[in-house]
Amino acid sequence: MKTLLLMLGAATLVGCQPAELTAPHPVNQTPAFNQFFQALAQHCGQAYPGGLTLEPEGDEMLTGTELLIVHFRECSDDQLKLPFHIELEASQSWDRSRTWIISRHADGLELRHDHRKADGSDDSTTMYGGFTVGDGSAITQQFQSVARTEESGYFRGWRIEIEPGVRYTYGTVRGDNWSWRIDFDLTKPLAELPPAPWGHD
């Protein structure tokens, strides 16, 4: 009888082992682009200073000494609007023509560049952009310009990086490398927010 009880006890222990070995572990099922979008959204309502980091030879859009500002101004569950303000040192005024629009879809993100004139009307070149390519990560996403990629034969588009509370980076890429880049310091939120960009009262 004692032997039978021991055998039953051993069988019970053996029967428990597979359940313990195959116990489910929590897995993060959130796609990287959603994590990235949420990382951006953490800064909604704030504006941050930045500057030019890299510019191709011959490109004269920025001098490298002016103040740049990104404002996480308009935020909804599936769209972020980030005006990009450029200090015009010579005239002591501001270029408020640009707004980055990042939209979330079921399978990825879309980047558009809303360019306006000072009177609020559309610039001759506006709403260009593209969709995310590949999985990316929670801190980096790339958006492809299909037309420029087809024209050049190698990847061309935009890259955005976000380290919440540390750095926001926007720029253009050719192949694997930055071709133009600006960085913003997320450790220094501005005490005074900029006015609305042109055309976005």
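Quick look at the structure, then. (Residues numbered from 1 in each chain as written. Predicted model: local features only at pLDDT ≥ 70, side-chain atom pairs only at ≥ 80, totals over all residues. Heavy atoms only, no water.)

## Some remarks on unusual backbone geometry
Look at Gln92: it is not a glycine, yet its phi comes out positive at around 50°. Along the chain, Gln92 turns up in the loop between β4 (79-88) and β5 (93-105). Phi at Met127 is positive, roughly 60°, even though this residue is not glycine. By the element assignment, Met127 lies in the loop between β6 (108-115) and β7 (128-132). (Helix = DSSP H or I, 4+ residues; strand = E, 2+ residues; numbered from the N terminus.)

## Overview of the state of the cysteines
Enumeration according to the criterion identifies one disulfide in this entry. Disulfide pairing is shown between Cys44 and Cys75; the S-S distance is 2.1 Å. Judged by the sign of its S-S torsion, about -110°, the cystine formed by Cys44 and Cys75 is left-handed. Of this pair, Cys44 sits in the loop between α2 (32-41) and β1 (47-54) while Cys75 sits in strand β3 (residues 74-75); the two residues are 31 residues apart in sequence, bridging distant segments of the chain. Overall, Cys75 belongs to the partly exposed group, its relative accessible area being 36%. (Disulfide = S-S within 2.5 Å. Buried < 20%, exposed > 50% of the residue type's maximum accessible area, 1.4 Å probe, protein only.)

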